Amino acid sequence: MAKLNTFKNSSGSTGTKKAKNTTLSYQKRSRTKSFDQFNFSEGQKKALKILGLFLLILAGLFTVAFVSYLFTWQADQSYIAQSNGGWSTLMKTTEEINDEAVETPVVENKLGKFGALLANQFMYEWFGIASFLFILVIFVIGYKFLYKRSILPVWKTIIYSAVSIIILSVTLGFAQDFISNTPHILEGKFGFWTNQILKSQIGVIGTAGLLIFIILTALVLIYNLDLKFSFQSLRNSNGDEEYDEEDEEEDLATTNQAHQNHINKVRDNTAQVATHTYNHVEEEVIEEEEDGDVDNIGLKTEPVEDNTVSLPLNTIKPNTNFGQNNQEIELTIDPPAPQEKEVVAEPALTVAKVIEEKPITANDLVEKFGEYDPKLDLSGYQYPTLDLLKDYGTGKITINQQELEANKNKIVETLRNYSIEIEHIKATIGPTVTLYEIIPKPGVRISKIKNLEDDIALSLAALGIRIIAPMPGKGTIGIEVPNSSPEMVSMRSILATEKYQKTDMDLPIALGKTISNEVYIADLAKMPHLLVAGATGQGKSVGINAILTSLLYKKHPAELKFVLVDPKKVELSLFKKIERHFLAKLPNEDEAIITDTKKVINTLNSLCIEMDQRYDLLKNAQVRNLKEYNVKFINRRLNPEEGHRFLPFIVLIIDEFADLMMTAGKEVETPIARLAQLARAVGIHLVIATQRPSVNIITGTIKANFPARLAFRVLSKVDSRTILDSGGADQLIGRGDMLLATGSDLIRIQCAFVDTPEVDQVSDFIGSQRGYPSAHLLPEYVGEDGGSDVSDFDPDDRDQLFEEAARLIVMHQQGSTSLIQRKLKLGYNRAGRIIDQLEAAGIVGPFEGSKAREVLYPDEYSLEQYLETLRKD
């Protein structure tokens, strides 16, 4: 027989059950989520380490301050006493304290004045020596953050420390009250006054009883204190040996009974299965441990040759007759009895493992193919180099001291002639304009200086004097005076700056330099549209070229497309060479740069269709703007088979808007207003330029949707107010001098100069590279005239909604494509074909420009008769 388990009682034995070659073990399962299981980013991990290091150092400093306070608190009273200022003296020097007739502080705390005040606040003003537990909490949290390991459970430490601080402070206050009637550092003011309140309400005995109850309750909750053990210890101390022996026997019987229950359970399970491996037995034991039937028992069986013990149903006969004292009790297992009949085993049933195919996710696609690269089609594209641009001038501001002094003296003298005194004057030199900032003496009215604009210009004999009263956010009055020798700002010097090279703007446009000689770069995507106006010859076309050049130097052809409208036919023709790279056009159009007014209307309406289609894509992708949509598409989270595609930015540039408004009027204004109102979120941005900034050209609808406005020099204050809603553009000096209004800010900028040969070289460099097969195609748009001859339609190939559209037209007496599109919920193309079929059938008249077509049938009765004739034919 094999010896399995041995039990001994306690004349030299433990009185508990042990198994031969066994290990007693108990493992508690963690129910809280590990700190390492949180997915912190790299920056968050660094921040946690820095916070942990800070808390550990803070705990050390607190320790130094608190320990030092225990020995120096009496000596430091001259400094920390409220009568001497307390915390208010922390940042004051000894001289400042003496000036306030306060006793000079003596600080002996090892952490100085701050340590003395800090320790006094915690230990005297608050919780006494119980405040040392704050150091424990800070140290435990800091260690957790820094090393990602816990020396103590963090939340338990915080809760237990908070409870201990309150109990310890109140308990020490209760004891200290028998010695002194004033607060002491042992209990702090919290413990002292809490005891005073309790004693006044329930007396000394009631307070003592309440404290004992709270302390015992805390011990029961935290340590599960069993008061029975206290009574047993008392009986043991009185020599009650008999009770100990009976109690041990009772514990032994309980343990044996639990083990017998386990063996019975194993025997019941073997009624179905003849053979059990050790692993099954171990599982049963662990289950009972978790259920609480057997406490802290782990059973490991002595290894056998084949690591398997056969347990037939009727062979387990446990010996439950346990001896007394030194007798050894053994559990024996008889060998299996020989079977009388051989049982033929049935063939085993093997179940094939089912392999489940996991659905392919976006992360799987990214891991396999990488992120989608929109630049892959033109992976060899090279950005233009700075060598293609010329460098005009040195790019450095030359300071003419004599000119500055002369202008300053003339300004001061002119103001003194009108009894205006100045306290201070400062000059800021720009490339073309110098800004003089003056601070008048108190009592001088700003409007008085503002009215002297012409007088100062007369005294300085200069053109373009502009007074800014007051300067926004500075508290000064600015006087802008043109330089006698202005410096030209080249586009190359702007694009070569680190500010432009390292910008992360979506659509950076380099405009030039400000008065303070700083490079000014704006983000067209955030503007989101730009209105450019100025008189002829003041630099408007150069500004358009500067915007286009700065975008070409920064963006890849896959990320940006231009729609260029040039009614003058010569201004933007230089960019024709980059048609297959950066330009967009309508299908079946020969020229990408639009010069015909009729084609401009179709293009604008096509952009509206593109805008609507993009909004549908954004809605299906559940994003709010183009940037979020493209990020989602690049990460392969959008399916191209569902119509999703990478969406480039589209910038519409109209060089001469006044000519379009004169020839087309509302047909141009309406789609432009729609685009300005809605197209920002889908990456369509407008740059509109005009040389006639009058109210019939720049209407209120357009101005309301163009918050960013760029004004070159104009000829009257009225034009300046039309563009900027304020004066100032009429006082510019021309040659690229401009004002940029973005909301309430008005910034004076010298526009970067880029000449026509430079633009030509940049276009040649891009156009010589491999491009796309054709320009980017916009959605097809069919105008009111249907875009083709009505005689081309076959009467037998009418649309299914032909008759319904005819009834709709006759009922409303309005022959309009938009009416069919709106009422029948059709697209532009299909509605246009139906209106052409109605014209071929003689139901509506021919196209008449912006007016609706004439309806040739007065009522539905005559229409039905005509339709019946058409059916028979």
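Rules used throughout
Residues numbered from 1 in each chain as written. Predicted model: local features only at pLDDT ≥ 70, side-chain atom pairs only at ≥ 80, totals over all residues. Heavy atoms only, no water. Helix = DSSP H or I, 4+ residues; strand = E, 2+ residues; numbered from the N terminus. Buried < 20%, exposed > 50% of the residue type's maximum accessible area, 1.4 Å probe, protein only. Contact = heavy atoms within 4.5 Å. Areas by Shrake-Rupley, 256 points an atom, 1.4 Å probe, with all protein chains shown as cover. Axes fitted to C-alpha atoms, helices over the stretch in contact; angles between N-to-C directions. Left-handed = near helix turned anticlockwise from the far one by under 90°. Nonpolar A, V, L, I, M, F, W, Y, C, P; charged D, E, K, R; others polar. Parallel < 35°, antiparallel > 145°, perpendicular 65-115°, else oblique. Pairing = 2+ DSSP bridges. Patch = residues over 30% accessible without salt bridge, like charges linked within 9 Å, V, L, I, M, F, W, Y side chains within 5 Å. Salt bridge = Lys/Arg side-chain N within 4 Å of Asp/Glu carboxyl O. Lys, Arg positive; Asp, Glu negative; His and termini not counted. Charge placed at Lys NZ, Arg CZ, Asp CG, Glu CD. Core = buried A, V, L, I, M, F, W, Y, C linked by side-chain atoms within 4.5 Å. Phe/Tyr/Trp six-rings, centres within 6.5 Å; stacked < 30°, edge-to-face > 60°. Lys NZ or Arg CZ within 6 Å of the ring centre and 35° of its normal.

**Structural notes on the overall build of the protein chain**
- Broken down by element type, the protein chain carries 29 helices and 20 strands.
- A buried classification covers 43% of the 873 residues belonging to the protein chain.
- For the protein chain, restricting intrachain contacts to residue pairs at least 6 apart in sequence, the fraction spanning at least 24 positions comes to 67%.
- Of the accessible surface of the protein chain, which amounts to about 49,100 Å², a share of 53% is contributed by carbon and sulfur atoms.

**Quick word on the environment of isoleucine 449**
- By secondary structure assignment, the location of isoleucine 449 is in helix α13 (residues 446-450).
- Each C-alpha atom, one on isoleucine 449 and one on alanine 469, is 8.0 Å from the other, the two residues being 20 residues apart in sequence.

**What about the packing of helix α26 (residues 802-812) against helix α27 (residues 817-824)?**
- Contact pair α26 / α27: the axes reach a minimum separation of 10 Å and the direction vectors enclose 115°. With respect to the hand of their crossing, α26 and α27 are arranged in right-handed fashion. Residue-level inspection shows Glu804, Ala805, Leu808, Ile809 and His812 of α26 in contact with α27, the latter providing Leu819, Ile820, Lys823 and Leu824.
- When the residues that make up the contact of α26 with α27 are grouped by side-chain class, the tally is 6 nonpolar, 1 polar and 2 charged.

**A word on the packing of helix α6 (residues 154-176) against helix α7 (residues 188-223)**
- Relative to each other, α6 and α7 sit at 135°, their axes nearing to 9 Å. The angle between the axes of α6 and α7 places the two elements in the oblique class. Crossing handedness for the pair α6 and α7: left-handed.
- Taken together, the residues that form the contact of α6 with α7 break down as 13 nonpolar, 7 polar and 1 charged.

**Quick word on the sheet that holds strand β6 (residues 422-429)**
- Ordered by their spatial adjacency, 4 strands build an open sheet running β6-β7-β9-β8, and the pairing between neighbours is antiparallel. Of all the strands in the sheet, just β6 and β8 (466-468) have a single pairing partner and so form its edges. Direction aside, neighbouring strands of the sheet carry axes that sit 20° apart on average.
- With 7 bridges joining them, β6 and strand β7 (residues 433-440) adopt antiparallel strand pairing. Within β7, the position partnered with lysine 426 by the bridge is glutamate 437.
- Strands in contact with helix α12 (residues 401-417) are β6, β7 and β9 (477-482); relative to β7, the strand with the most contacts, it is inclined by about 40°.

**Some words on a positive patch on the surface**
- The grouping of Lys45, Lys46, Lys49 and Lys148 at the surface amounts to a positive patch.
- Among the structural elements, lysine 148 can be located in the loop between α5 (132-147) and α6.

**Thoughts on the nonpolar core**
- Core analysis: the biggest nonpolar cluster contains 103 residues, and Leu530 and Phe562 have the highest contact counts within it.
- In terms of residue count, the dominant contributor to this core is helix α19 (residues 597-621) (9 residues).
- With near-sequence residues (within four places) excluded, leucine 530 lies in contact with Ile509, Leu524, Ile547, Leu686, Val687, Ile688, Phe706, Ala708, Arg709, Leu710 and Leu740.
- Leu808, Val810, Leu824 and Leu870 belong to the second-largest nonpolar core, a separate cluster that totals 22 residues.

**Here we look at the packing of aromatic side chains**
- Tallied over the entire structure, the rule returns 18 aromatic pairs.
- Aromatic pair phenylalanine 127 and phenylalanine 134: ring centres 6.0 Å apart, planes at 45°, arrangement tilted.
- Since its relative accessible area comes to 19%, phenylalanine 127 is described here as buried.
- Measuring from centroid to centroid gives 5.3 Å for tyrosine 392 and phenylalanine 753, while their planes differ by 70°, and the two rings are edge-to-face. Of this pair, tyrosine 392 sits in the loop between α11 (362-369) and α12 while phenylalanine 753 sits in the loop between β19 (745-751) and α25 (756-767), placing them 361 residues apart in sequence.
- A connected cluster of aromatic rings, assembled from ring pairs, spans Phe62, Phe66, Phe122, Trp126, Phe127, Phe132, Phe134 and Phe190.
- A cation sits over an aromatic face here: lysine 554 above tyrosine 500, 5.3 Å from the ring centre.

**Comments concerning the side chain of glutamate 559**
- Within the element layout of this structure, glutamate 559 appears in the loop between α17 (540-552) and β13 (560-565).
- Residue classification places glutamate 559 among the buried positions, given a relative accessible area of 18%.
- Among all residues touching glutamate 559, those that are not within four sequence positions of it are Lys375, Phe646, Pro648 and Phe649.

**Brief notes about the pattern of salt bridges**
- One pass over the full model with this rule turns up 33 salt bridges.
- Notably, a salt bridge pairs lysine 585 with glutamate 579, separated by 3.3 Å at the nearest N-O pair. In terms of burial, lysine 585 and glutamate 579 fall into one category: buried.
- The closest approach of N and O atoms between arginine 871 and glutamate 868, which form a salt bridge, is 2.6 Å. Within this pair, arginine 871 and its partner glutamate 868 are both found in helix α29 (residues 860-872), separated by 3 residues, close to a single helical turn.
- A network of salt bridges, in which partner residues are shared, links Glu803, Arg807, Glu864, Glu868 and Arg871.

**Description of the sheet that holds strand β16 (residues 684-690)**
- The strand order β11-β10-β19-β18-β17-β12-β16-β15-β13 describes an open sheet built from 9 strands, whose pairing is mixed. Lying at the two open borders of the sheet, with one neighbouring strand each, are β11 (519-523) and β13. Neighbour-to-neighbour, the strand axes of the sheet open up by a mean angle of 30°, direction not taken into account.
- When strand β17 (residues 708-711) meets strand β18 (residues 737-742), the two strands line up antiparallel, connected through 4 bridges. Among the inter-strand pairings, alanine 711 is bridged to a residue of β18, identified as leucine 739.
- Relative to strand β15 (residues 649-654), α19 is tilted by about 155°, and along the sheet it contacts β13, β15 and β16.

**Things to note about the pairing of β16**
- Most of β16 is tucked away, with 7 of its 7 residues classed as buried.
- Here β16 shows two buried faces, one formed by Ile684, Leu686, Ile688 and Thr690 and the other by His685, Val687 and Ala689.
- Looking at chain direction, β15 and β16 are connected through 5 bridges and run parallel. Residue isoleucine 650 lies in a different strand from β16, and its bridge partner there is isoleucine 684.

**Some details on the environment of valine 855**
- Secondary-structure assignment places valine 855 in the loop between α28 (828-840) and α29.
- Since its relative accessible area comes to 11%, valine 855 is described here as buried.
- Residues valine 855 and glycine 845, 10 residues apart in the sequence, show an inter-C-alpha distance of 6.3 Å.
- Setting aside residues up to four positions removed in sequence, valine 855 forms contacts with Ile809, Val810, Gln813, Gln814, Gly815 and Ile843.

By themselves these figures say nothing about function.
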